[in-house]
Amino acid sequence: MNERIPFLNIEFLHKPLEQEFINAFRENLSNQEISDSNVVKAFEQEFACFCGTRYAIGVGSGTDALRFALIAAGVKYGDMVITVPNTFIATTEAISQAGAMPVFIDIDEKTFTMSPDKLEEYLYKNCFVDHITEETIHTKTGKPVRVIVPVHLYGHIADMDKIKQIAEKYDLTVIEDACQANGAVFYGKNSIKKTGAIAKAGAFSFYPANNLGAIGEAGAVTTDDEQMADKIKMLRDHGQKRKYNHEFEGYNGKLDTIQASILKVKLQYLNIWNDERRKLAKKYKEMLKGIKQIETPCEKPFSKSVYHFYVIRCNYDRDKLREHLKRKKIGTGLHYPVPLHLQKAYRFLGYRKGCFPFCEKASEEILSLPMYPGLKEDQQWKITEQIKKFYDK
Ligand SMILES: Cc1ncc(COP(=O)(O)O)c(C=O)c1O
C-alpha cells in the first residue's frame, strides 16, 4: 500500500526489449555508415508508412523537426508564425530560430488545443490580405504571417478541419506539432488520417518519455511534399546534398543510427502501447467519476487521442492536491505551469496576464496523472482513491 507510483516509468517498456536493443547496438558497432545509414533510411520508410505520408526525414530532435519544417515551408527572418501559449517552449524556440516572431492564439477550453474561433478572430481583426502578393500581412507591423503551428497537446489532435479551412482562406501553411501525439488518428470531414499526415508537414519528437521514444534525443518530419523533404534533408546535413557541396548553411541535425535502430524496434509496438494508454484513460475516467471538483479529459469525435499525458482539471486546490499525492508517493506533473506568453523569455513580445484567459486558467487547474503502458489497475485505484480522499476532506 505504501508503494511509490512514479509519474513516468519507461523501464516497463524497455525490459522485454532489452535483447533486441543489445542486438541492434551490436550491429552498429561495425557499421561504417556514419550518416544517412541504411538503418536510418529503413526507419524513415517504416515511420512514413506508419503515418501514411510519402516521406519521413529523421532528425536530431523534435525541436530540429519543427525548425527545419518551418524553414522548408518558407519561413524567413521577419515573418510571423502563429501558435498557442500552452506548449513546451521548443515550439516557439523553433519559430524564433527560423527567424520568425511567435504570435499566440488562445486555446479551446475543453481540448487545450488551438481555438479555431480565436484564430479566425485574430486574423480578421489584425491582418489583411495583400491582393498583389497574396500574402497575409499583420496590419500594425507590416510583417507577413506565414505559418500556423497547431500543437496536438497531450495526445489530442487540434481541430484541424477548421484550422485548415481558415489557413486556406488566408493562404497560410499549416505545420503540425505532433510531438505529443504520435499515432493519434484524426477523423476529418473528408478523410481519416494519422498525425503528421493531416497538414503540409508534421514534426515529431522521439524524446525518451514520448509515446514513441528513443533512448536519447531524436525526431522526424513527415510530409508528402518532395521539395520540402529534399530541403529538410539538406537542412539537417549542413546544406549539402553531395558531400562538401554546401548550397546554403544548414545544421547538424541528423538522426543517428543507434537511435534509429532502437526506434525501429519500438515502432512495432507503438499501436499496442497507444491502445494500452487509451484503456488506462478509460479506467481513470470510470474511477474518477463522481468527484465533482475535477474534470477528466475530453475527447472530441474528430480525435482518437493517444494520451501522452492524462490531464485532469481541478476546480479547487490543485496545488494542495498535488502536495497530498506527493505525500502519498504518487508522482504528478504540470504541463505547463507558466504559459509561454508570461515567461521571461517572451517578455519582449509585449503580452501580459489576461491576454489568453483560457490558457491562463488552464495552467492553474491542470494536473497530469501517471500514464504509461505498464501502469497497473491497482495503482490507478490507489491514485484515484487518494484524489477522492483529498476532496472528501
Ligand atoms: C509539444 C512539443 N513540441 C516540441 C517538443 C520538442 O521536442 P524535443 O524535446 O525532441 O526537441 C516537445 C518535446 O517533447 C513537445 O512536447
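Rules behind the numbers
Residues numbered from 1 in each chain as written. Predicted model: local features only at pLDDT ≥ 70, side-chain atom pairs only at ≥ 80, totals over all residues. Heavy atoms only, no water. Core = buried A, V, L, I, M, F, W, Y, C linked by side-chain atoms within 4.5 Å. Buried < 20%, exposed > 50% of the residue type's maximum accessible area, 1.4 Å probe, protein only. Helix = DSSP H or I, 4+ residues; strand = E, 2+ residues; numbered from the N terminus. Domains from an automatic or database assignment. Salt bridge = Lys/Arg side-chain N within 4 Å of Asp/Glu carboxyl O. Contact = heavy atoms within 4.5 Å. Pairing = 2+ DSSP bridges. Buried area = accessible area lost by both parts, 1.4 Å probe. Polar contact = N/O pair within 3.5 Å; in protein donor to acceptor, adjacent residues only side chain to side chain. Phe/Tyr/Trp six-rings, centres within 6.5 Å; stacked < 30°, edge-to-face > 60°. Lys NZ or Arg CZ within 6 Å of the ring centre and 35° of its normal.

Some details on the nonpolar core
If you look at the biggest cluster of nonpolar residues, it comprises 44 residues, and the most contacted ones within it are I82, M114, L119, Y122, L123, I148 and M160. Looking at this core, the elements with two or more residues in it are β2 (80–83), β3 (101–104), α6 (116–126), β6 (144–148), α7 (160–169) and α12 (357–365). Ranked by residue count, the leading element in this core is α7, at four residues. For this core, the two domains that each supply at least three residues are domain 1 (11–267) and domain 2 (271–392).

Quick look at the pattern of salt bridges
A complete count under the given rule lists 19 salt bridges for this structure. The partner of K125 in a salt bridge is E121, and the shortest N-O contact between them spans 3.1 Å. Of this pair, K125 and E121 both sit in helix α6, four residues apart, which is roughly one turn of that helix. A salt bridge links K388 to E385, with the nearest nitrogen and oxygen atoms 3.4 Å apart. With K388 and E385 both in helix α13 (residues 377–392) and three residues apart, the pair spans about one turn of that helix. Residue K388 is classed as partly exposed on the basis of its relative accessible area of 28%. Here the salt bridges do not stand alone but share partners, grouping D79, E135 and R146 into one network.

Some thoughts on the side chain of N182
Mapped onto the fold, N182 is located in the loop between β7 (173–177) and β8 (185–187). Overall, the relative accessible area of 2% leaves N182 in the buried class. When sequence neighbours within four positions are dropped, the list of residues in contact with N182 reads F47, F50, T195, F204, F206, N211, L212, L270, N274 and V306.

Points about the sheet that holds strand β16 (residues 310–314)
On the basis of which strands lie adjacent, the open sheet formed by three strands has the order β14-β16-β17 and antiparallel pairing. Only two strands of the sheet have a single neighbouring strand rather than two, namely β14 (294–295) and β17 (366–369). Note that β14 and β16 share two bridges and pair antiparallel. Paired with E295 across the two strands is R313, which belongs to β16.

Quick look at the domain arrangement of the protein chain
The assigned domain composition of the protein chain is domain 1 (11–267) and domain 2 (271–392). Centre-to-centre separation of domain 1 and domain 2, based on C-alpha positions: 25 Å. Facing 45 residues of domain 1, the contacting portion of domain 2 comprises 37 residues. Of the roughly 3,600 Å² buried between domain 1 and domain 2, counting both surfaces, carbon and sulfur atoms make up 63%. In terms of surface lost to domain 2, no three residues of domain 1 exceed F104, Y154 and N211, which account for 20% of the buried area on that side. Put simply, domain 1 and domain 2 have one salt bridge between them. The closest approach of N and O atoms between K110 and E295, which form a salt bridge, is 3.7 Å. At the junction of domain 1 with domain 2, the criterion picks out 20 residue pairs in polar contact (both at pLDDT 80 or more).

Quick word on the packing of aromatic side chains
Counted under the stated rule, the structure contains 20 aromatic pairs. Measuring from ring centre to ring centre gives 5.4 Å for F104 and Y351, while their planes differ by 50°; the resulting arrangement is tilted. Residue F104 is located in strand β3, and its partner Y351 is located in the loop between α11 (318–327) and α12; the two are separated by 247 residues in the primary sequence. Classification of F104 as buried rests on a relative accessible area of 2%. On the basis of relative accessibility, which here comes to 23%, the residue Y351 falls in the partly exposed class. An aromatic cluster of three or more residues is present, and its members are F43, F47, F50, F204 and F206. Its guanidinium or amino end placed over the ring of Y251, R67 lies 4.9 Å from that ring's centre, counting from NZ or CZ. Here the guanidinium or amino end of K194 rests over the ring plane of F50, the centre of that ring lying 3.8 Å away.

Observations concerning the pairing of strand β1 (residues 55–59)
Burial within β1 is extensive, with five of its five residues counted as buried. Burial along β1 is two-sided: the face carrying Y55, I57 and V59 and the face carrying A56 and G58 are both buried. Pairing between β1 and strand β11 (residues 219–223): five bridges, direction antiparallel. From the neighbouring strand, I57 faces β11, where its bridge partner is V221.

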